[in-house]
Amino acid sequence: DIQMSQSPSSLSASVGDRVTITCRASQSIATFLNWYQQKPGKAPKFLIYDASTLQSGVPSRFSGSGSGTDFTLTISSLQPEDFATYYCQQSYSVPLTFGGGTKVDIK
Amino acid sequence: QVHLVQSGAEVKKPGSSVRVSCKVSGGTFSSNGITWVRQAPGQGLEWMGVIIPILDSTNFAQKLQGRVTLTADESTSTVHMELRSLRSEDTAVYYCARVSVGTWRFDPWGQGTLVTVSS
C-alpha cells in the first residue's frame, strides 16, 4: 500500500499569509495526487486533481505542485473561509490512501 | 448537477451490523463509481472501498475485507454499505462520494452518516 504523510499536522496563520502544506508519498505516484478541504462538521470538498489542476470553482489563490513523491498545496493569501483541514489523497493505485491532514487555524 | 444524500444516524450494539445508504441524483448512476470513506471522532479520513456498477466491481481496504459489503441498486440509484461485526472502533462518520472511473477523484460527497457503536 502507498503511505501518504503530510506536514505540518497543524499550523497557525493570519489572514493574508501565504501558506504551504507538504504531502509525501511512500513511492512515486507521478502526478496522481488530489487535495481536499474539510471544515468542521462538513464533508470534504474536492480542490485540486492531478497535483496541480484546480477543480472548477476553486479560487485561484489555491495552487498545487509536485510530482513523484513530493507535493505541495499553497494558499497565496489566506482568507477567513480557508481556515480548515486539508488532506492529500493518492489516486495512483488501490487501496486509495489519504494523508493525515493539516489543520490551518487562526493565529 | 450530481447530488448524494445519505441515510440517517445509527446507534448499534457491538457485534451487530449497520447498513448505510447513499442515493445519487443527477448524472449517470452506473457509469461512475461510489466510494466510501470514514472518519473517526477527531481523526483523519480513512478509505473503505469502492463499487463500480458498470464493471460489477468492488475493491476494499485490507483491514475491512470480509466485514464490509457494497451493493448497488440501479433501479433507485442507491448504493448500500453494510459493515458487520461492529466494534467500538467503528464509531465514525461515514461518507459516500462519487468517483470517476479511472481517475479516482472523489467528488461530490454525501453529507455523512454518524454511526455510533456502543453497548
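These notes cover the structure that comes with them. None of the values given here were measured: they were computed from a predicted structure. (Residues numbered from 1 in each chain as written. Chains lettered and ligands numbered in written order. Predicted model: local features only at pLDDT ≥ 70, side-chain atom pairs only at ≥ 80, totals over all residues. Heavy atoms only, no water.)

1. A look at a nonpolar patch on the surface
Residues and elements named next belong to chain B. Note the threshold: Surface patches are defined over residues having more than 30% relative accessible area and no salt bridge, joining like charges when they lie within 9 Å and nonpolar side chains (Val, Leu, Ile, Met, Phe, Trp, Tyr) when within 5 Å. Computed with a 1.4 Å probe, the accessible areas rest on the Shrake-Rupley method; for each residue, only the protein chains presented here act as cover. Salt bridges are defined as contacts in which a side-chain nitrogen from Lys or Arg sits within 4 Å of a carboxyl oxygen from Asp or Glu. Put simply, DSSP marks the helices as runs of H or I at least four residues long and the strands as runs of E at least two long, and each gets a number from the N terminus on. Buried residues are those whose accessible area, probed at 1.4 Å on protein chains only, stays under 20% of the maximum for their type, while exposed residues exceed 50% and partly exposed ones sit between those limits.
A cluster of nonpolar side chains, I54, L55 and V101, forms an exposed patch at the surface whose accessible area comes to about 280 Å². Locating V101 in the fold gives a position in the loop between β9 (92-99) and β10 (106-109). What makes V101 partly exposed here is its relative accessible area of 40%.

2. Concerning the interface of chain B and chain A
For interface size, the figure often reported is the accessible area lost on association. Rule in force here: It only takes one pair of heavy atoms within 4.5 Å for two residues to be counted as in contact. Summed over both partners, the accessible area (1.4 Å probe) lost when two parts come together is defined as the buried area. Under this definition, polar contacts are N or O atom pairs within 3.5 Å; protein pairs additionally need one hydrogen-donor-capable and one acceptor-capable atom, and for neighbouring residues in sequence, both atoms have to be side-chain atoms.
Listed as interface residues are 15 residues of chain B and, on the opposing side, 18 residues of chain A. Together, the buried faces of chain B and chain A total about 1,500 Å²; carbon and sulfur atoms form 64% of this surface. In terms of surface lost to chain A, no three residues of chain B exceed L45(B), W104(B) and R105(B), which account for 39% of the buried area on that side. Linking chain B with chain A are one salt bridge, by the criterion used here. Taking the shortest distance from any N to any O, the salt bridge between R105(B) and D50(A) comes out at 3.1 Å. At the boundary of chain B with chain A, the tally comes to nine residue pairs in polar contact (both at pLDDT 80 or more).

3. Concerning the pairing of strand β3 (residues 18-25) of chain B
Residues and elements named next belong to chain B. Note the following rule: Criterion used throughout: strands pair if DSSP finds at least two bridges between them.
Both strand β1 (residues 3-6) and β3 contribute to a ladder of four bridges, which runs antiparallel. Across the sheet, the residue bridging to Q6 is C22, located in β3. Where β3 and strand β8 (residues 78-83) come together, six bridges link them in antiparallel fashion. The partner of C22 across the bridge, within β8, is V79.

4. What to know about the nonpolar core
Residue and element names in this part refer to chain A. Under the convention used in this document: By nonpolar core is meant a set of buried Ala, Val, Leu, Ile, Met, Phe, Trp, Tyr and Cys residues that side-chain atoms within 4.5 Å join together.
M4, I21, L33, W35 and Y86 are the most contacted members of the largest nonpolar core, which totals 25 residues. Going through the elements one at a time, β2 (10-13), β3 (19-25), β4 (33-38), β5 (45-49), β8 (70-75) and β9 (85-90) are the ones with two or more residues in this core. Tallying contributions element by element places β3 first for this core, with four residues. Beyond its immediate stretch of four places on either side in the chain, Y86 contacts Q6, I21, Y36, Q37, L47, F62, L73, I75, G101, T102 and V104.

5. Focus on the layout of surface pockets
What counts, and what does not: Every definition here rests on a 1 Å grid over the protein atoms only: cavities are sets of points where a 1.4 Å probe fits but cannot get out, pockets are open sets enclosed by protein on both sides within 12 Å along at least five of seven lines, and lining residues have some atom within 4 Å of a point. Grid points are joined across faces, edges and corners, and a volume is the space filled by probe spheres set on the points. Gly is put with the polar residues, along with every residue not named as nonpolar or charged; the nonpolar set is Ala, Val, Leu, Ile, Met, Phe, Trp, Tyr, Cys and Pro, and the charged set is Asp, Glu, Lys and Arg.
Here the largest pocket is characterised by a volume of approximately 440 Å³. Q38(A), P40(A), T85(A), Y87(A) and Q39(B) are, among the 25 residues lining the largest pocket, the residues nearest its centre. Looking at the lining of the largest pocket, the elements with two or more residues in it are β9 and β11 (102-106) of chain A together with β9 of chain B. Taken together, the residues of the lining of the largest pocket sort by class into 11 nonpolar, 11 polar and three charged. In this structure, the second largest pocket occupies an estimated 340 Å³ of space.

6. Topic: the pattern of salt bridges
Residue and element names in this part refer to chain B. Following the criterion strictly, the structure yields nine salt bridges over all chains and no others. Across the salt bridge formed by D90 and R67, the nearest N and O atoms sit 2.8 Å from each other. Here the residue D90 occupies a position in the loop between β8 and β9, and R67 occupies one in the loop between β6 (57-60) and β7 (68-73), the gap between them amounting to 23 residues. Among the residues examined, D90 registers a relative accessible area of 1% and is labelled buried. When salt bridges that share partners are traced, they join R38, E46, K63, R67 and D90 into one network.

7. Here's the deal with the environment of V117(B)
Residues and elements named next belong to chain B. Within the element layout of this structure, V117 appears in strand β11 (residues 113-117). For V117, a relative accessible area of 6% puts it in the buried group. Taking the C-alpha atoms as reference points, V117 and V18, 99 residues apart in sequence, are found 9.6 Å from one another. Excluding residues that lie within four positions of it along the chain, V117 makes contacts with K12, K13, P14, L86, R87, S88, D90 and T91.

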